[in-house]
Amino acid sequence: MLNFFQDIFTLVEINLKTRYRQTFIGFVWVIANPVLLFFVQNAILSRVLNEPREQFAIYLLTGLLPWFYLSQTAEMGCAFLNSNAHLVKNIKIHPFKFIASLAVENFINLIWASGLIYLILVCFYDLGFVHFLSFFICSLWILVITTLFTFTSSLLNVLFKDTKYILHFLFT
């Protein structure tokens, strides 16, 4: 069991190093994209819906970032087995570990983005640490569900090539 998690975290480390190699701005963009999306939607929708800003910001945080994480991970992972078939065949690692490493990598980005939003919201609203802790605990369940969903959609994409287009249609 320890070897299973060690393989996943090794793959995550390799993915993060290769993805953001010598590009700090790439990592900043991955974090800034959902943060900017959150604040733009919070500013516009709180005025349109006439909701108290503190409550609406928390609702938006608990809905928008997990959806962003789920859709991004599912779309990235759906075609993974087909596009990296040579890697899956040549390396003696179970394909689930590749998908799980992708989900954990995007989960790290989710935690960074939600932590940044939480720190900004704490400056303006009276939020306790319980809000962030409960969001983090629920996010762990989202990690498990997203990993299983992404692996299932990746397997379906091996059998049915249109799966990635259907997922793209559902998530946009």
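Predicted model, so just to flag it, every value in this text is computed and none were measured. Note on numbering: residues in each chain are counted from 1, in written sequence order. Per-residue local features are limited, in this predicted model, to residues with pLDDT of at least 70; the limit for side-chain atom pairs, both in listing and counting, is 80 or more; totals at the level of whole chains, interfaces and linings are taken over all residues. As a rule here, side-chain values come from all non-hydrogen atoms in the structure, and water together with hydrogens is ignored.

**Q** Could you give an account of the packing of aromatic side chains, naming the residues involved and the relevant values?
**A** A pair of Phe, Tyr and Trp rings is counted when the ring centres sit within 6.5 Å of each other, with Trp represented by its six-membered ring. The angle between the planes then sorts it: under 30 degrees is stacked, over 60 is edge-to-face, the rest tilted. Inspection of the entire model under this criterion finds 9 aromatic pairs. A ring pair is formed by Y69 and F107, whose centres lie 6.1 Å apart and whose planes are at 70°; its orientation type is edge-to-face. Here the residue Y69 occupies a position in helix α3 (residues 53-78), and F107 occupies one in helix α6 (residues 95-124), the gap between them amounting to 38 residues. The burial state of Y69 is the same as that of F107; both residues are buried. Plain terms: the ring middles of F80 and F98 are 5.8 Å apart, the flat faces sit at 35° to each other, and that makes the pair tilted. With F80 in helix α4 (residues 80-83) and F98 in helix α6, the pair connects residues that are 18 residues apart, well separated along the chain. Partly exposed residues are those whose accessible area sits between 20% and 50% of the maximum for their type, while under 20% is buried and over 50% is exposed, using a 1.4 Å probe and protein chains only. Exposure remark for F80: the relative accessible area of 15% places this residue in the buried category. By the criteria applied, helices consist of DSSP H or I runs no shorter than four residues and strands consist of E runs no shorter than two, each listed in order from the N terminus.

**Q** So, the side chain of K97: which residues are in play, and what are the values?
**A** Along the chain, K97 falls in helix α6. Assessed through its relative accessible area of 12%, K97 is described here as buried.

**Q** Hey, could you go over the nonpolar core for me, with residue numbers and the actual values?
**A** Side chains of a nonpolar character, in soluble globular proteins, are inclined to be buried together. In this description, a nonpolar core means a group of buried Ala, Val, Leu, Ile, Met, Phe, Trp, Tyr and Cys residues linked to one another through side-chain atoms lying within 4.5 Å. If you look at the biggest cluster of nonpolar residues, it comprises 35 residues, and the most contacted ones within it are F38, I117 and L121. Elements represented by at least two residues in this core include exactly α1 (2-19), α2 (24-49), α3, α4, α6 and α7 (129-159). Ranked by the residues each element gives to this core, the list is headed by α6, at 12 residues. It only takes one pair of heavy atoms within 4.5 Å for two residues to be counted as in contact. If we skip the residues at most four places from it in the chain, F38 touches A57, L60, L61, L64, I117 and L121.

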